[in-house]
Amino acid sequence: MSLRINDLAPDFTAETTQGTIHFHEWIGDNWAVLFSHPKDFTPVCTTELGAVAALEDQFTARGAKVIGLSVDPVTNHSKWAADIQDVGGYAVNYPLIGDPELKIAKLYGMLPASSGATSEGRTAADNATVRTVFVVGPDKKIKLQLSYPMSTGRNFDEILRIIDSLQLTAKHQVSTPANWKPGDDVIIAGNVSNEDAEKKYPQGWKTPKPYLRIVAQPK
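Treat the numbers as computed from the prediction; the structure is a model and nothing was measured. (Residues numbered from 1 in each chain as written. Predicted model: local features only at pLDDT ≥ 70, side-chain atom pairs only at ≥ 80, totals over all residues. Heavy atoms only, no water.)

Observations regarding unusual backbone geometry
Phase 1 of the analysis: Backbone geometry at N6 places phi at a positive 80 degrees, although glycine is not the residue there.
Phase 2 of the analysis: Examined against the element boundaries, N6 turns out to sit in the segment before β1 (13-16).
Phase 3 of the analysis: You will see that F41, though not glycine, has its phi angle at about 60 degrees, which is positive.
Phase 4 of the analysis: Within the fold, F41 resides in the loop between β3 (31-37) and α2 (43-61).
Phase 5 of the analysis: For F41, a relative accessible area of 44% gives the class partly exposed. (Helix = DSSP H or I, 4+ residues; strand = E, 2+ residues; numbered from the N terminus. Buried < 20%, exposed > 50% of the residue type's maximum accessible area, 1.4 Å probe, protein only.)

Here is the structure:
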């Protein structure tokens, strides 16, 4: 299954370290970040889960819920959480999904259908493609997906920046330029006519090119 931006995020029911969830119901009216891992007790992933634990308050402040996934059973996750806290210094208070039958990994296109039906006997290298971040909006549609190699730890400050951009652009009909940070200038969206832009931005805008209209970030 090939998922694209603006596709409906596949719904599923799964066991987690915080009990059974129904994914769409769990998201509710929030944004959600689903980030997946090839196997428990792997070094890079241990640091990543700890980094998210340290940033959980920042995700919450943005109305975003975080949830991890690994193809190992939930019982393993609970043991792994102790290591994550030892290494990173923060308790893992967000849920971790168990996917020992590989159903969710396949549902989200992270493993091919030919991968079998159990995580038993599979190595992290076998599951290398299960290293993806999905950002899902309150409408349950995929707003972003990023896949990482096993050797590269994910930058969760960047995921927060992406959520800031997505939320800003959804509310104000703007786009964010390269290397944008909150507070920087933004671009008036292409589907906003000059006439409508004049109503929204009576102070005008900078136009280095006719198709590039730059304004201060809306409050």
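Let's pick the thread back up.
Details of the packing of aromatic side chains
Phase 1 of the analysis: Taken as a whole and assessed by the stated rule, the structure comprises seven aromatic pairs.
Phase 2 of the analysis: Seen from their ring centres, F12 and F23 are 4.7 Å apart, and the 10 degrees between their planes marks the pair as stacked. Taken together, the residues span a long stretch of sequence, with F12 in the segment before β1 and F23 in helix α1 (residues 23-27) at a distance of eleven residues. Both residues of the pair, F12 and F23, count as buried.
Phase 3 of the analysis: Through a chain of ring-to-ring contacts, three or more aromatic side chains come together here, namely F12, F23, W26, Y108 and F134.
Phase 4 of the analysis: A cation sits over an aromatic face here: K65 above W26, 4.4 Å from the ring centre. (Phe/Tyr/Trp six-rings, centres within 6.5 Å; stacked < 30°, edge-to-face > 60°. Lys NZ or Arg CZ within 6 Å of the ring centre and 35° of its normal.)

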